[in-house]
Amino acid sequence: MADIDVKYTIDKFRKVENVRAQYDPIWQQCAVFMFQGSAVFYSNYNKGENPPSQLTAENVFTDKPRTANQRFASILYGLLTPDNQKWHYFATDNAMLNKSRRVTEFFQQVNDIIFRLRYSPAGSFKRNMLATYLSVGAFGNGIMYIKDNGVGCKYINISLSECYLMENEDKQIDSAFRKFKLNKRQAKSMLGYEVAGINDDDEVTILHYVFSNDEYVPYNPLSKRFRSVYIDYDKEKLILEDGGYYTFPYAVFRYLPSENSPYADGPGTLSLPAIKMLNQMEKANIKQAHNITEPAVLVPSDNQFRKMAIKPNAVIRGGVNREGKAVVQTFSPAGNLPIAIEYSDRIGAAIDSAFLVDLMQLLRENPQMTATEVIEKAREKSILISPALALLQDEGFTMMIEREIDILSRQGLLPPMPDELIEARGEYRIIFDAPMTRGQDNEKLSGINLTLQQVLPYAQIDQGVLDVFNFEEIAKISSRINNAPIEIIRSDEQINAIRQQRAQAAQAEAQAAQIAEMASARKDLAIAQEKGL
């Protein structure tokens with residue numbers, strides 16, 4: 001492999017950093033509203049400069065964006081990666097291979113192993129996947145680092161503030177920088193890097209660069225598609241060149257990709273103007289409510305009122321004149337708080353809609369809806385959100401699953417591949433079976449059931465109408481859509497054997513009936529001959 005030019009690599013990083021700089025102010029505001037500023041998107045903070053005062057959490061007067069983003073993450077988790085089902089499986093593009101019992105069993109075993117190890121406590125998938133969804137909601141981008149954990153994979157959500165992405169000519173993420181900090185102990189533990197001249201708690205800035213390997217040889221099991229290098233950014237010193245990765249180690253989840261940019265928009269960035277408007281309105285509403293509950297007091301300029309006590313059950317001497325008119329009055333500021341609150345609620349509802357919260361409120365707000373109406377409303381909503389969610393599957397989860405398969409295969413945890421699949425170079429495709437995509441399959445199943453319900457009555461008049469349908473294929477499609485385990489499905493060989501036995505039994509029964517009929521005929525003939533007929 002060619003040597004790494006540290007200066008050239010750092011210069012390239014600074015160019016990529018400048019490309020991302022246009023997003024930093026937007027993302028920082030989203031971080032303040034949705035993460036209380038825990039992610040920092042300004043590199044000059046590292047130089048001791050303080051962030052602008054308007055970007056601090058102290059100036060946030062509404063929790064609507066934070067709660068909406070948390071619900072958004074929960075919705076994505078339920079739609080894409082529910083704990084109670086296996087939300088993807090494997091097949092090939094070859095119809096004949098998909099009919100092979102051995103290939104089907106192999107894919108199911110691989111799928112079972114992946115899910116078992118993915119959801120093991122050592123993998124930390126649930127917590128880090130939820131953190132990634134939160135990042136997608138706030139910034140439009142989420143980064144998951146998948147590393148070899150000895151047995152299975154370790155899943156680590158990486159803050160977007162540390163990541164700088166690059167696309168290839170096909171708009172696919174194939175290179176990335178990660179700029180992060182480690183203290184002296186962490187640097188030695190993670191990288192074996194002894195940092196001289198600093199205390200144990202002092203930090204060093206590390207630059208991790210993963211990029212395409214120009215010397216990669218396809219289908220060579222020893223050739224790595226990506227190179228990897230760690231650099232001490234402050235000292236511009238090469239720390240470690242670890243040889244790279246067979247698969248890209250970062251799974252990148254992008255919500256709505258931007259034109260000519262490796263970064264995407266998300267609910268947080270798209271609704272940021274509404275969020276800022278709501279924040280200002282809530283600030284004004286708080287002041288107005290404060291003025292109403294603790295109003296200012298109008299008093300004469302006489303000295304006797306300078307030390308007037310405004311408290312419950314107080315007696316204010318001189319508070320009325322001889323005519324009984326009050327000389328001490330509360331000041332009622334102009335403004336209509338109910339109208340202001342109503343308008344704030346309208347803006348809040350728009351923010352909820354951007355974060356898909358109205359999808360979760362569908363049943364709660366419409367308990368009188370029938371099941372059919374709920375399904376139809378959910379279907380309409382899924383049509384609107386499916387492009388963005390499908391991209392999370394096709395890009396982010398595809399990258400993650402390919403990485404998992406590579407790691408588990410090299411750990412020797414996957415079963416042997418069938419010969420026919422080896423001949424096809426082990427090609428496979430990932431089929432997502434989450435609730436979002438399952439809705440499309442359920443429409444197919446509903447179509448089958450509805451068609452049969454309408455046609456079967458005609459079969460009582462003419463049995464020939466049933467010849468139109470391939471009931472064996474209907475059974476296979478139904479079992480696949482309903483995610484039935486392959487153990488309950490007979491193989492083609494078993495089905496053929498059963499049919500052969502049934503045919504043989506029918507043939508034997510027919511022969512027995514024919515023999516009985518012939519015997520009866522002989523008996524009748526013998527009787528007739530005895531009677532001289």
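Before going into details, it helps to say that this report is about the structure given with it. All of these numbers come straight from a predicted model, not from anything done at the bench. (Residues numbered from 1 in each chain as written. Predicted model: local features only at pLDDT ≥ 70, side-chain atom pairs only at ≥ 80, totals over all residues. Heavy atoms only, no water.)

### Observations concerning the nonpolar core
Phe397 and Met400 are the most contacted members of the largest nonpolar core, which has 105 residues in total. The biggest single contributor to this core is helix H13 (residues 371-410), with 11 residues. The contact partners of phenylalanine 397, leaving out residues within four places of it in the chain, are Leu80, Thr81, Trp87, Met129, Tyr133, Phe253, Leu392 and Phe432. (Core = buried A, V, L, I, M, F, W, Y, C linked by side-chain atoms within 4.5 Å. Buried < 20%, exposed > 50% of the residue type's maximum accessible area, 1.4 Å probe, protein only. Helix = DSSP H or I, 4+ residues; strand = E, 2+ residues; numbered from the N terminus. Contact = heavy atoms within 4.5 Å.)

### A look at the sheet that holds strand E2 (residues 141-148)
With antiparallel pairing, 3 strands are arranged side by side in an open sheet as E3-E2-E9. A single partner strand is all that each edge strand has here, and the edge strands are strand E3 (153-158) and strand E9 (250-254). Going across the sheet, the axis of each strand differs from the next one's by a mean of 25°, ignoring polarity. As defined by bridge partners, E2 adjoins E3 across 6 bridges and the pair is classed as antiparallel. Counterpart to tyrosine 145 in the pairing with E3 is isoleucine 156. (Pairing = 2+ DSSP bridges. Axes fitted to C-alpha atoms, helices over the stretch in contact; angles between N-to-C directions.)

### Some details on the pairing of strand E6 (residues 203-212)
Buried residues dominate E6, accounting for 8 of its 10 residues. As judged from the 8 bridges shared by strand E5 (residues 173-183) and E6, these two strands associate in the antiparallel manner. When the bridges of E6 are listed, lysine 179 appears paired with leucine 207. With 7 bridges connecting them, E6 and strand E7 (residues 226-232) associate as antiparallel partners. What sits directly across from tyrosine 209, in E7, is valine 229.

### Structural notes on the environment of isoleucine 431
In this structure, isoleucine 431 sits in strand E14 (residues 429-432). Distance in space between the C-alpha atoms of isoleucine 431 and tyrosine 89 is 5.4 Å, their sequence separation being 342 residues. Beyond its immediate chain neighbours, meaning those up to four positions away, isoleucine 431 contacts Trp87, His88, Tyr89 and Ala91.

### Structural notes on unusual backbone geometry
Working note: non-glycine residues mostly have negative phi, and peptide bonds are mostly trans. Phi is positive for serine 124, which is not a glycine, with a value near 55°. Positive phi outside glycine occurs at leucine 356, with the angle close to 65°. Take leucine 356: it is sitting in the loop between helix H10 (337-354) and helix H11 (357-360). By relative accessible area, which is 4% here, leucine 356 ends up buried.

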